[in-house]
Amino acid sequence: MSEVLDNLLYSEEHEWAQQGEGRVVRVGITDHAQHLLGDIVFVEFPEVGAAISAGDSVGSIESVKTVSELYSPVSGKVTKINDALEASPELINDQPYGDGWIFELELDVEFAEAVTGLLDAAAYKELVGE
């Protein structure tokens with residue numbers, strides 16, 4: 001059974017979004033997604049400074065099984081990537097909601113408006129059948 005945290009919002013593509021300070025949002029993939037992928041060996045990040053829209057493919061995650069697209073759950077400008085994943089991509093497997101975060105962005109709009117299409121924890125659990 002995958003871990004789903006109540007303080008995060010989720011996309012149907014299995015990314016999570018966490019509100020930071022101001023209009024900053026941290027993004028990663030869910031525990032469910034990392035279980036499906038298996039051992040993660042490489043992460044292709046979005047470019048810092050890039051303007052992205054919700055639903056855009058912004059990179060990829062490579063595991064020993066497959067390569068999966070990484071989608072942005074919200075719109076904004078990429079401000080930071082998790083450099084630690086370059087040397088240790090397995091952090092996503094070990095701590096998908098902690099040190100395994102992938103990138104941060106600054107929203108174009110207020111958080112509540114930016115996340116209207118995302119799922120709360122209960123709806124995400126239902127989506128993945130838990």
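Thresholds, definitions, all that
- Residues numbered from 1 in each chain as written.
- Predicted model: local features only at pLDDT ≥ 70, side-chain atom pairs only at ≥ 80, totals over all residues.
- Heavy atoms only, no water.
- UniProt positions renumbered as here; feature names shortened; annotations may be inferred.
- Helix = DSSP H or I, 4+ residues; strand = E, 2+ residues; numbered from the N terminus.
- Polar contact = N/O pair within 3.5 Å; in protein donor to acceptor, adjacent residues only side chain to side chain.
- Contact = heavy atoms within 4.5 Å.
- Pairing = 2+ DSSP bridges.

1. So, the UniProt feature "domain: Lipoyl-binding" (unreviewed entry) in the protein chain
Part 1 of the reasoning: The feature "domain: Lipoyl-binding" (unreviewed entry), as annotated in UniProt, sits at residues 24-106 in this numbering.
Part 2 of the reasoning: Across residues 24-106, the secondary structure splits into 18% helix and 42% strand, with the terminal C-alpha atoms separated by 5 Å.

2. A few points about the side chain of S63
Part 1 of the reasoning: Secondary-structure assignment places S63 in strand β6 (residues 57-63).
Part 2 of the reasoning: At 2.7 Å, the side chain of S63 forms a polar contact with the backbone oxygen of L37.
Part 3 of the reasoning: The contacts of S63, once residues within four sequence positions are left out, are L37, G38, D39, I40 and V41.

3. Regarding the sheet that holds strand β1 (residues 9-10)
Part 1 of the reasoning: Sheet architecture is open: six strands sit in the order β1-β2-β3-β9-β8-β5, paired in antiparallel fashion. Every other strand in the sheet has two partners, leaving β1 and β5 (51-52) as the edge strands with one partner each.
Part 2 of the reasoning: Pairing analysis gives five bridges linking strand β8 (residues 76-81) to strand β9 (residues 103-107), with the strands arranged antiparallel. When the sheet's bridge partners are listed, K80 is paired in β9 with E104.

4. Observations concerning unusual backbone geometry
Part 1 of the reasoning: One non-glycine residue, H14, adopts positive backbone phi at about 80°.
Part 2 of the reasoning: Take H14: it is sitting in the loop between β1 and β2 (15-19).

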